[in-house]
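Topology and contacts: notes
Chain by chain, the residues:
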Protein chains: 2
Amino acid sequence: MLYLVGLGLGDAKDITVKGLEAVRRCRRVYLEAYTSVLTVGKEALEEFYGKELILADREMVEQEADSILKEADVCDVAFLVVGDPFGATTHSDLVLRAVKLGIPYEVIHNASIMNAVGCCGLQLYNFGETVSVVFWTDTWKPESFFDKIEKNRQNGMHTLCLLDIKVKEQSLENLMKGRKIYEPPRYMSVNQAAEQLLAIIQNRRLQGEEPEITENTICVGLARVGAPDQKIASGTLYQMSTVELGGPLHSLIVTGTMHPLELEMLKLFSTARILFKKSSNG
Amino acid sequence: MLYLVGLGLGDAKDITVKGLEAVRRCRRVYLEAYTSVLTVGKEALEEFYGKELILADREMVEQEADSILKEADVCDVAFLVVGDPFGATTHSDLVLRAVKLGIPYEVIHNASIMNAVGCCGLQLYNFGETVSVVFWTDTWKPESFFDKIEKNRQNGMHTLCLLDIKVKEQSLENLMKGRKIYEPPRYMSVNQAAEQLLAIIQNRRLQGEEPEITENTICVGLARVGAPDQKIASGTLYQMSTVELGGPLHSLIVTGTMHPLELEMLKLFSTARILFKKSSNG
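Bear in mind the structure is a predicted one, so any value in this text is a computation, not a measurement.

**Structural notes on the interface of chain A and chain B**
Chain A puts 50 residues into the contact, and the matching count from chain B is 50 residues. With both sides pooled, the region where chain A packs onto chain B buries about 4200 Å², and carbon together with sulfur makes up 60% of that total. If you look at where chain A meets chain B, you find eight salt bridges. Residues A:Lys100 and B:Glu264 are paired through a salt bridge, measuring 3.9 Å at the closest nitrogen-oxygen approach. At the boundary of chain A and chain B, one finds 19 residue pairs in polar contact (both at pLDDT 80 or more). Sorting the residues of the side of chain A that touches chain B by element identifies helix H1 (17-25), helix H5 (92-100), helix H6 (113-116) and helix H11 (260-268) of chain A as the ones contributing at least two each. Here the side of chain A that touches chain B is composed, by residue class, of 24 nonpolar, 15 polar and 11 charged.

**Topic: the packing of aromatic side chains**
Per the stated rule, a full pass over the model turns up two aromatic pairs over all chains. In this structure, A:Arg186 packs its charged tip against the face of A:Phe135, placed 4.2 Å from the ring centre. For B:Arg24, the ring lying beneath its charged end belongs to B:Phe48, and the centroid distance is 6.0 Å.

**Remarks on the UniProt feature "binding site: S-adenosyl-L-methionine" (unreviewed entry) in chain A**
The sites that UniProt annotates as "binding site: S-adenosyl-L-methionine" (unreviewed entry) are A:Leu9, A:Asp84, A:Gly87, A:Ser112, A:Ile113, A:Leu163, A:Val225 and A:His250. Residue placement: A:Val225 occurs in the loop between strand E10 (218-223) and strand E11 (231-236). In this structure A:Val225 comes out as buried when scored by relative accessible area, which is 6%. Once residues within four sequence positions are removed from consideration, A:Val225 is found in contact with A:Leu9, A:Ile113, A:Ala116, A:Cys119, A:Gln230 and B:His109. When residues no more than four places from it in sequence are discounted, the contact partners of A:His250 are A:Leu163, A:Met188, A:Ser189, A:Val190, A:Leu222, A:Ala223, A:Arg224 and A:Leu245. Polar contacts involving the side chain of A:His250 include one to the main-chain amide nitrogen of A:Val190, which spans 2.9 Å.

**Notes on the nonpolar core**
Membership of the largest hydrophobic core comes to 90 residues, with the highest contact counts inside it found for A:Phe79 and B:Phe79. In this structure, B:Phe79 is in contact with B:Leu2, B:Tyr3, B:Leu4, B:Val5, B:Tyr30, B:Glu32, B:Ala56, B:Val61, B:Ile68, B:His91 and B:Leu94, ignoring residues within four places of it in sequence.

**What to know about the side chain of A:Thr130**
Along the chain, A:Thr130 turns up in the loop between H6 and strand E6 (131-133). Among the residues examined, A:Thr130 registers a relative accessible area of 11% and is labelled buried. The residues touching A:Thr130, leaving out its near neighbours within four places in the chain, are A:Met114, A:Leu160, A:Leu162 and B:Tyr125.

**Observations concerning the environment of A:Gly178**
Residue and element names in this part refer to chain A. As for its position among the elements, Gly178 is in the loop between helix H8 (172-176) and strand E9 (186-187). By relative accessible area, Gly178 is classed as exposed at 56%. Spatially, the C-alpha atom of Gly178 lies 29 Å from that of Gly41, the residues being 137 residues apart in sequence.

Calculation notes
By convention here, each chain's residues receive numbers from 1 onward along its written sequence. To read the labels, note that chains go from A and ligands from 1, taken in the order they are written. The model is predicted, so local features are restricted to residues of pLDDT at least 70 and side-chain atom pairs to those at 80 or more, both for listing and for counting; the totals for chains, interfaces and linings are taken over all residues. Excluding hydrogens and water, the side-chain figures rest on all heavy atoms present in the structure. The contact criterion used is simple: two residues touch if any of their non-hydrogen atoms lie within 4.5 Å. Accessible surface is computed with a 1.4 Å probe, and the buried area is the amount of it that two parts give up when combined, taken over both parts together. Salt bridge criterion: a side-chain nitrogen from Lys or Arg within 4 Å of a carboxyl oxygen from Asp or Glu. Identification of polar contacts relies on pairs of N or O atoms within 3.5 Å, with a donor-acceptor requirement for protein atoms, meaning one able to donate a hydrogen and the other able to accept it, and with residues adjacent in sequence counted only if both atoms are side-chain atoms. Helix and strand definitions here come from DSSP, where helices need a minimum of 4 consecutive H or I residues and strands a minimum of 2 consecutive E residues; each element is numbered from the N-terminal end. Under the grouping applied here, Gly and all other residues not named as nonpolar or charged are polar, the nonpolar ones being Ala, Val, Leu, Ile, Met, Phe, Trp, Tyr, Cys and Pro and the charged ones Asp, Glu, Lys and Arg. Only Phe, Tyr and Trp rings take part, Trp by its six-membered ring, and two of them pair if their centres are within 6.5 Å. Stacked means planes under 30 degrees apart, edge-to-face means over 60, and tilted covers everything else. A positively charged side chain is recorded as over a ring if its NZ (Lys) or CZ (Arg) lies within 6 Å of the ring centre. The angle to the ring normal must also be within 35 degrees. UniProt positions are given in the numbering used here, feature names are shortened, and annotations may be inferred rather than shown by experiment. Only protein chains enter the calculation, and the probe is 1.4 Å; a residue is then buried if its accessible area is under 20% of its type maximum, exposed if over 50%, and partly exposed in between. For the purposes of this section, nonpolar cores are sets of buried Ala, Val, Leu, Ile, Met, Phe, Trp, Tyr and Cys residues that join through side-chain atoms within 4.5 Å.

Right, dumping it as structure tokens:
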């Protein structure tokens, strides 16, 4: 049996009882380590689960899936995913390959950022399409996610923005020279995402447009949702560019039309209570 | 401390380890029993948690919230919700009331139908606004959810349809006579939801419209997601009106534009493999 087990969002104890039991009876346990991270490392998980974990990076999952599935028809193998196994990224490839090999699979669900964002008080059914905000480079500054946010807002919908994660990336130089040397992991912060959005708004204005989203649009910044030190800050998009939320992972919500009860909940997390980088300097 | 604990979707063991620890140290534990149900009853949960549960129906949560929060500033109280505490229905009222009373709260997240539907292979970020399909009565047949599904599909987005649950409803007669006699619970099936959609399509055609959604639109019916006897069936909307998925809870997805990988996953659940009511009669 192949178990696809969601780990939830915080630490080792966010696994479900069912998930923990499955992990403990598996012969091999893989930890998917490129689409998300917990607030604790591999060692803390190994200690709590009482199992050695095999780190599975993108290369391994995409190119050596057969090694993950090896003998899974006669023994139990677990594939652990932060959040839900079918959360932001599905692992359809692995499932399809298992089915083709005649290996049964079972999904053990858990919270993912896609549903846990509800903790800020915005109703999940008022969210439109989810977007991904990628790190801009000097030569690649995509803006397509902005149009989706605008469309959601025009329809009164909130937008969850998933922020880029760069794990095990190679520099262009190392890539070209075939050197397997990797850059340190990078996680986009709410500040960086807000700055990119503000830059797009400026671009659009220079082109004579009047974007629906402005520096005054109410947004919500979320950090380490589900962890004991989770932080949520609501405020304007401009405020999101300076709010201090601490370490990864971050997510950003751009609101649409708000119900009074949603607004009341957001007030609990108003940035007035949060330390600002700039104001703390000034 | 007020703990809002998600129970996940299947049975008692879908609670997280963190959630279970919280429940076991609480003085009072409430089970929210009107927005969703697990595949196991209160007794099975009580046995596994080692705690007596107090059933909290809508009346209690909305009118006697203070009794739930009583002394939660000096002892621990848990409020258990099937799925995630901020899943399909938020419990913002309870949270706001706790904050006003100076009672700290902690959310322990879990899977909800809002993210677990990813198990059918459709990517969560390709979903538009979620809709609720309510039981029609002789005099009340709302169609507004259909327009939202149409809009999502025009934008290429899938739509998750949450299907109506009627728990502790009174008949008009009992309501008028003030008798607290309740009807047996009703859970809308995928068949019933599909029939309502088909009826709306017919209505629209009679009005000279050409709906985007037709009897041939690809849909996915899901039953008891996360439970050992979960069933998923993909097929046309017409097929959804006859597919046999067993007991509650059911959900329906109306697809938008599909990525090849999504299509390949849906094929795993093609209705060809599932028993049909009508064909099994014929």
